[in-house]
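Read off the chains here:
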Protein chains: 4
Amino acid sequence: MSDIKKAVLAYSGGLDTSVILKWLQDTYQCEVVTFTADLGQGEELEPARQKALKFGIKPENIFIDDLREEFVRDFVFPMFRANTVYEGEYLLGTSIARPLIAKRLIDIVNQTGAQAISHGATGKGNDQVRFELGAYALKPGIRIIAPWREWDLLSREKLLAYAEKHGIPIEMKHRQGGSPYSMDANLLHISYEGRHLEDPSAEAEESMWRWTVSPEKAPDAAEYLDLEFRNGDIVALNGTAMSPAQILTKLNELGGKHGIGRLDLVENRYVGMKSRGCYETPGGTIMLKAHRAIESITLDREVAHLKDDLMPRYASMIYNGYWWSPERKALQVLIDHTQTCVNGWVRVKLYKGNVIVVGRDSKTDSLFDPTIATFEDDKGAYDQKDAGGFIKLNALRMRIAANLKNRK
Amino acid sequence: MSDIKKAVLAYSGGLDTSVILKWLQDTYQCEVVTFTADLGQGEELEPARQKALKFGIKPENIFIDDLREEFVRDFVFPMFRANTVYEGEYLLGTSIARPLIAKRLIDIVNQTGAQAISHGATGKGNDQVRFELGAYALKPGIRIIAPWREWDLLSREKLLAYAEKHGIPIEMKHRQGGSPYSMDANLLHISYEGRHLEDPSAEAEESMWRWTVSPEKAPDAAEYLDLEFRNGDIVALNGTAMSPAQILTKLNELGGKHGIGRLDLVENRYVGMKSRGCYETPGGTIMLKAHRAIESITLDREVAHLKDDLMPRYASMIYNGYWWSPERKALQVLIDHTQTCVNGWVRVKLYKGNVIVVGRDSKTDSLFDPTIATFEDDKGAYDQKDAGGFIKLNALRMRIAANLKNRK
Amino acid sequence: MSDIKKAVLAYSGGLDTSVILKWLQDTYQCEVVTFTADLGQGEELEPARQKALKFGIKPENIFIDDLREEFVRDFVFPMFRANTVYEGEYLLGTSIARPLIAKRLIDIVNQTGAQAISHGATGKGNDQVRFELGAYALKPGIRIIAPWREWDLLSREKLLAYAEKHGIPIEMKHRQGGSPYSMDANLLHISYEGRHLEDPSAEAEESMWRWTVSPEKAPDAAEYLDLEFRNGDIVALNGTAMSPAQILTKLNELGGKHGIGRLDLVENRYVGMKSRGCYETPGGTIMLKAHRAIESITLDREVAHLKDDLMPRYASMIYNGYWWSPERKALQVLIDHTQTCVNGWVRVKLYKGNVIVVGRDSKTDSLFDPTIATFEDDKGAYDQKDAGGFIKLNALRMRIAANLKNRK
Amino acid sequence: MSDIKKAVLAYSGGLDTSVILKWLQDTYQCEVVTFTADLGQGEELEPARQKALKFGIKPENIFIDDLREEFVRDFVFPMFRANTVYEGEYLLGTSIARPLIAKRLIDIVNQTGAQAISHGATGKGNDQVRFELGAYALKPGIRIIAPWREWDLLSREKLLAYAEKHGIPIEMKHRQGGSPYSMDANLLHISYEGRHLEDPSAEAEESMWRWTVSPEKAPDAAEYLDLEFRNGDIVALNGTAMSPAQILTKLNELGGKHGIGRLDLVENRYVGMKSRGCYETPGGTIMLKAHRAIESITLDREVAHLKDDLMPRYASMIYNGYWWSPERKALQVLIDHTQTCVNGWVRVKLYKGNVIVVGRDSKTDSLFDPTIATFEDDKGAYDQKDAGGFIKLNALRMRIAANLKNRK
């Protein structure tokens with residue numbers, strides 16, 4: 001018998017984690033605590049409770065939490081302050097949710113006195129790394145049970161057979177071959193991977209996309225939207241103050257309506273392979289564009305460039321699962337420090353897949369000074385003759401080198 | 001009298017450089033050599049020759065060159081190999097043309113025995129820096145005459161008065177207040193700055209845009225396009241091999257038709273001020289997206305990340321005028337080295353402002369291995385158990401730190 | 001007559017700044033305020049007061065400040081937290097003092113209502129940049145008078161003639177050809193540049209060095225020294241708590257005695273030329289070595305590497321005069337954040353030019369865990385089998401690439 | 001029975017790899033091929049042959065190679081072109097030898113038709129990673145046997161018992177408790193780890209050091225040494241041209257004589273733990289200092305800074321075992337490109353642990369221009385007034401920001 005008496009399982013209520021639940025009970029002979037989170041994935045959570053009860057989980061061992069506000073406020077928004085994009089394209093919708101789940105799992109471990117956590121991520125993906133690095137960082141002695149790396153149910157057929165044998169309800173779609181994609185959703189995005197997408201030369205089927213209409217089906221009339229920023233975060237839309245989760249919900253709605261935020265790419269996983277993924281990030285796509293625009297008038301050039309130089313590294317930290325690492329926290333301190341002056345508003349135009357910045361201003365923090373930039377007479381604000389010396393000294397090292405070359 | 005006997009002027013044939021031509025003759029009492037380049041800006045060059053002749057320029061001192069192929073092959077393409085973007089948005093259309101003009105100016109200096117070059121860039125902008133850093137790097141003893149930093153014709157009125165007085169033809173548009181924007185065009189883009197754009201909170205007028213239709217006016221039917229890459233450069237469109245300039249010309253046509261590549265932003269100039277610019281880069285926008293896509297399946301992860309980390313620095317070098325510097329050349333050597341495996345094709349869908357990657361493949365260099373990435377049974381290509389050790393060791397330092405914290 | 005009524009001069013009391021004082025009075029017809037700082041350069045400051053009075057400076061316009069504690073606490077220590085070295089060698093002794101002088105100059109401007117500041121740095125060096133960037137950042141409208149860029153006293157002879165003519169006392173050494181070096185000193189270092197050092201192939205004369213004995217002349221017996229760190233700063237030597245300036249003074253004494261901290265190098269100035277400099281930084285050399293040692297057991301690996309990656313950039317900011325810039329402040333926030341766990345002690349051995357770390361420990365923050373690192377039986381603290389998976393997944397992308405290559 | 005018929009073992013002839021040899025024969029029932037390399041570790045190799053024969057290894061399966069020239073020319077020198085130092089201190093002496101051993105192991109695999117390689121590195125260290133990443137990169141299908149991760153001989157007692165039982169000769173030192181340190185040597189360095197060094201607060205015993213005298217015991221007279229560089233590599237000492245291995249051998253001799261190159265540090269291993277190591281790198285310490293000196297007069301500032309910024313990343317690649325990775329090769333291309341102008345000579349003074357640069361020059365590539373750097377009259381080579389404009393424009397963004405702040 002195992003020394004694990006109690007394990008907390010990240011439980012969605014779906015087939016896979018239901019099989020895991022049963023398998024944990026059988027294999028580890030342990031009490032299972034289920035944790036189901038509302039991160040804005042758009043699914044009912046109560047059925048998960050009912051299912052857990054059917055597996056004999058004690059009511060006090062069923063945790064169902066609405067984490068939407070915490071998710072956007074403490075994870076999504078901080079990440080967007082850095083204009084974070086992985087490999088030039090991916091907005092890290094899955095990556096950013098994992099550390100919050102890891103944190104809650106450990107909270108519940110501490111609360112229930114469990115010895116282990118368990119999750120349904122496979123041994124080939126990034127999510128196992130994100131869950132487990134987070135868990136280890138927060139509770140170094142935690143035991144982790146990753147069934148996909150342990151059991152022998154590695155094919156769909158074996159999984160279904162196991163479910164059948166143990167009376168785990170199987171929905172029709174599973175019997176018919178299962179979803180053509182592996183999906184993950186939260187308030188920031190929905191992702192699709194695997195199966196029908198495994199050939200990166202083939203276009204994804206239109207029927208796959210769930211959150212956005214196609215640009216072709218989007219309204220023929222553009223829509224303007226004003227976003228107000230405070231300390232680098234959006235705090236109001238069209239003049240209405242909202243909470244972080246409300247803002248992202250609303251932006252998803254608007255972006256989805258206008259066909260914004262679809263992405264089809266091949267990315268490099270931390271575990272060493274390339275993988276094709278499709279993503280819908282309607283609200284995030286708008287946020288990124290708008291955040292860059294507000295920074296463009298409020299951030300000092302060198303600070304902005306420093307952030308740009310560090311961004312890919314910060315993105316990799318999040319992608320690879322190092323949210324709870326000291327290096328991510330150190331970068332966050334720098335990033336957050338730079339955002340104190342990122343205040344003002346941005347106007348974007350949404351139209352058939354496009355997010356077009358059409359205006360930006362900051363009453364308090366604009367560094368844009370038209371009296372200097374003007375091509376017209378600036379009344380002495382800038383002495384053009386200064387540029388001569390500026391260029392001469394910047395050229396000096398290259399002139400010395402060219403002189404040497406000429407002498408040779 | 002000046003020790004400058006002969007000066008080579010970057011001459012567009014327009015009002016400003018015509019005034020400069022005359023002013024050079026009068027002020028420096030020197031022979032003027034005019035240089036007019038076809039970089040794909042879409043203007044007739046012969047009128048420039050006629051105007052130069054009228055100013056008494058000797059025919060052998062009039063240089064008119066078609067530089068389009070050299071421009072795309074040796075400047076635009078190398079830059080795109082790095083996925084170069086300045087400040088997250090700007091595709092560097094103006095910046096990348098300046099070093100070629102600097103090079104040709106110095107070539108003509110060497111050919112004609114001139115002592116100086118001159119140009120029409122103002123003392124507030126980046127272009128003076130790009131011209132002059134290039135010229136100094138290529139010919140360290142060159143004299144540079146930058147009239148806008150020297151003369152007193154700093155208002156439009158004074159300039160017109162000078163033109164009038166000296167019989168320089170003034171087109172009607174100049175009498176009527178001049179263009180509402182300062183524009184610059186070449187095969188990569190057309191830019192708009194100044195005057196009507198000086199308020200960054202106000203949307204640019206639709207009438208400003210010249211190369212692209214608005215997304216609203218673009219065709220209702222999407223168009224698919226296949227791009228073939230060799231060593232990181234596009235070599236064929238829809239199966240037809242073309243020269244670099246032909247490719248960019250065709251991509252501009254397609255992008256322009258589908259409303260692709262408009263940009264409205266505030267950027268940080270090297271001389272220290274923020275400035276608002278609008279750009280149309282239809283072909284470049286398609287190239288960037290497609291280049292990232294072909295790299296996504298052919299480039300090693302760490303090489304791709306190294307390139308991403310260095311890209312903002314490389315972009316700043318080009319933006320700031322350091323094309324001819326040793327540091328840009330050193331980075332280029334690295335970048336070009338990475339592109340030997342960037343071969344294959346990318347399919348994009350063009351639709352109302354969107355460039356959507358829908359497929360990519362490489363017969364020779366794809367690192368995408370579906371037998372490993374698959375969620376299905378991989379027949380042992382990848383041992384999921386390896387992930388446990390991978391995570392454990394990557395977590396080790398964080399666990400040690402957390403243990404320490406717990407002890408405290 | 002100038003619109004400058006009052007100017008604050010960074011006044012050392014030496015010949016050059018005395019000539020400047022007089023020249024300012026004559027040329028600008030302005031009231032001069034003198035500012036003389038004790039930064040630990042080891043010179044009496046009262047003579048500067050007497051000289052100033054002789055030039056008719058009003059007593060209330062003579063500022064003489066002991067800035068030693070502020071210098072070490074707010075400038076030297078923060079810089080050493082980053083292990084800052086410019087171009088692999090230079091400890092930035094001159095660079096780090098300039099921003100403090102700039103700050104005090106502006107403080108005095110604000111206090112006295114002056115319109116301008118003035119300094120004795122030449123137009124070829126870095127110091128003019130450091131003074132002036134600091135001043136502009138702190139008071140953007142400040143007027144700056146840099147006599148070496150304005151006057152015609154560019155040779156030593158002209159300067160002496162001017163002094164003679166205006167009754168400025170000239171010491172014998174100046175009549176005899178002046179110092180063979182240009183020197184600058186403060187609590188962190190003393191520097192030598194120019195004249196006898198202008199040939200970088202020739203060894204510096206032994207007689208030049210002032211703060212340290214040569215390693216050959218240093219004691220034959222080594223000396224051990226314990227340094228205690230708190231939040232990355234040294235707070236005690238051999239168990240005795242001291243103030244920042246006391247610590248650096250003591251370290252200079254010990255280092256100087258043991259021939260530690262001499263440096264002879266060629267560096268790249270911000271204004272574009274290479275220059276040869278010799279430096280003595282006895283205390284700083286000990287501090288750097290010890291700080292790296294305490295970080296080696298208290299800092300997380302990735303945090304340490306992040307700091308190492310950013311250090312050259314941070315060093316350039318300080319070298320180039322950007323102490324008061326927003327980008328330096330942003331980096332400082334990150335650096336300081338990492339130092340909260342840098343607590344403990346380091347033991348070094350000082351011997352004839354060598355600083356040898358022989359021990360380091362931290363009761364509260366050591367991440368060194370002998371139960372894991374041991375080659376002996378670790379009783380399961382580390383499972384060696386984990387390394388297999390770690391290596392396999394880290395190798396995966398290279399194996400896929402090699403497989404592809406083999407197939408080709 | 002295993003599917004491994006033949007395995008190539010990195011065989012030193014010592015106790016540990018002799019036990020491994022026997023264990024491989026017994027456990028895998030396979031033919032063993034031994035590979036012993038002379039990397040300059042200073043040990044006789046013929047005894048290894050005799051021992052191998054005694055284990056029944058066929059003569060044609062015994063490989064003994066002198067790799068010293070290849071090691072220095074293709075591994076050590078390229079690394080020193082980057083001024084490579086890991087974590088501010090460590091010269092990577094062990095790390096840089098591993099990829100060469102990996103390469104030879106795979107060469108021999110290809111030559112003998114073996115299926116596997118084996119080595120004696122433990123599961124806690126970096127060396128297993130370096131061997132195996134190299135092997136996988138060069139031959140993706142290779143099987144790797146790492147006995148320390150597989151067997152149960154994890155304590156010294158068990159190992160000795162196994163040796164005794166199988167008639168493997170045990171030297172007296174092993175019976176007496178074994179070496180107080182784990183050591184590794186090659187032409188670049190000798191390292192000490194483990195056991196007596198496991199307490200980082202305690203000074204290493206003087207008796208440990210083998211290659212260098214202590215500074216105290218070094219000669220009382222300094223010695224001057226001239227080093228000539230071509231393309232960044234040393235090609236002659238005191239005017240005598242030598243091969244790479246000859247140069248490093250001679251530098252080790254000189255450095256060792258003068259007490260140069262001892263290091264005692266705590267480093268961060270790739271597998272996640274901190275570890276204390278002591279190193280002697282006499283020749284390398286001289287090379288690093290001299291290489292920086294020759295670069296100081298021949299390398300452009302921005303190129304030098306680019307190299308400095310990338311160096312820690314390059315060092316980590318080598319430390320972590322990624323020599324054969326595409327990212328290391330890409331950086332190497334950049335580094336090597338920068339070295340074409342690194343020609344000239346450097347004079348150093350060696351004295352009791354100190355390497356003091358006292359002169360450097362390059363007839364062909366010096367960018368040091370005394371006519372510009374001079375404090376004396378430069379006859380117009382540099383216009384000091386240019387500095388005014390240079391500073392003004394560099395200050396502009398900070399002045400605009402300060403103006404904004406004042407208005408607030």
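That block above? That's the structure.
In this text the structure is predicted, and so the values were computed from the model without any measurement.

(A) A look at the sheet that holds strand β8 (residues 223–230) of chain A. Residue and element names in this part refer to chain A. Reading across from one edge, β10-β9-β8-β13-β14 is the order of the 5 strands in this open sheet, with antiparallel pairing throughout. Each end of this open sheet is capped by a strand with a single partner; those strands are β10 (240–241) and β14 (354–361). Across 7 bridges, the pairing between strand β13 (residues 344–351) and β14 is antiparallel. Among the inter-strand pairings, Val346 is bridged to a residue of β14, identified as Arg360. Packing of helix α10 (residues 282–298) onto the sheet brings it into contact with β8, β9 (233–237), β13 and β14, and relative to β14 it is tilted by some 30 degrees.

(B) Inspection of the interface of chain B and chain A at higher detail. With 99 residues of chain B in contact, the opposing surface of chain A contributes 100 residues. A buried area of about 8,800 Å², summed over both sides, lies between chain B and chain A, and 55% of it is on carbon and sulfur atoms. Summed over the shared surface of chain B and chain A, the number is 8 salt bridges. Ionic pairing is found between A:Glu327 and B:Arg397, a salt bridge with its closest N-O pair at 2.7 Å. Counting across the interface, chain B meets chain A through 42 residue pairs in polar contact (both at pLDDT 80 or more). The dominant element in the side of chain B that touches chain A, judged by the number of residues it contributes, is helix α14 (residues 386–407) of chain B, at 13 residues.

(C) Highlighting the relation of the copies chain B and chain A. Superposition of chain B onto chain A requires a rotation of 180 degrees combined with a translation of 0.0 Å along the rotation axis, giving an RMSD of 0.0 Å. What we have between these two chains is a two-fold relation. Residue by residue, 100% of the interface of chain B is reproduced at the interface of chain A, so both copies engage with the same surface.

(D) The interface of chain D and chain A, seen in detail. Listed per partner, the contact involves 23 residues of chain D and 23 residues of chain A. Buried area between chain D and chain A, both sides added, is near 2,200 Å², and the carbon and sulfur share of it is 65%. Summed over the shared surface of chain D and chain A, the number is 4 salt bridges. For A:Asp300, the salt bridge identified is with D:Arg397, shortest N-O distance 2.8 Å. Where chain D packs against chain A, one counts 2 residue pairs in polar contact (both at pLDDT 80 or more). Going through the elements one at a time, α11 (301–320) and α14 (386–407) of chain D are the ones with two or more residues in the side of chain D that touches chain A. If one sorts the elements of the side of chain D that touches chain A by residue count, α14(D) sits on top with 12 residues. Counted by class, the side of chain D that touches chain A contains 10 nonpolar, 4 polar and 9 charged residues.

(E) Fine view of the sheet that holds strand β5 (residues 143–145) of chain D. Residue and element names in this part refer to chain D. The strand order β3-β2-β1-β4-β5 describes an open sheet built from 5 strands, whose pairing is parallel. Taken across any chain shown, the strands that pair with only one partner, and hence form the sheet edges, are β3 (62–66) and β5. Mean inter-strand twist for the sheet, computed between neighbouring axes without regard to direction, equals 25 degrees. Here 5 bridges tie strand β2 (residues 31–38) to β3, and the two strands are oriented parallel to one another. Paired with Phe35 across the bridge in β3 is Phe63. Taken strand by strand, helix α1 (residues 15–28) contacts β1 (6–10), β2, β4 (116–118) and β5, and its axis lies near 170 degrees from that of β1.

The rules behind these values
- Residues numbered from 1 in each chain as written.
- Chains lettered and ligands numbered in written order.
- Predicted model: local features only at pLDDT ≥ 70, side-chain atom pairs only at ≥ 80, totals over all residues.
- Heavy atoms only, no water.
- Pairing = 2+ DSSP bridges.
- Helix = DSSP H or I, 4+ residues; strand = E, 2+ residues; numbered from the N terminus.
- Contact = heavy atoms within 4.5 Å.
- Axes fitted to C-alpha atoms, helices over the stretch in contact; angles between N-to-C directions.
- Buried area = accessible area lost by both parts, 1.4 Å probe.
- Salt bridge = Lys/Arg side-chain N within 4 Å of Asp/Glu carboxyl O.
- Polar contact = N/O pair within 3.5 Å; in protein donor to acceptor, adjacent residues only side chain to side chain.
- Least-squares fit on C-alpha atoms with pLDDT ≥ 70 in both.
- Nonpolar A, V, L, I, M, F, W, Y, C, P; charged D, E, K, R; others polar.

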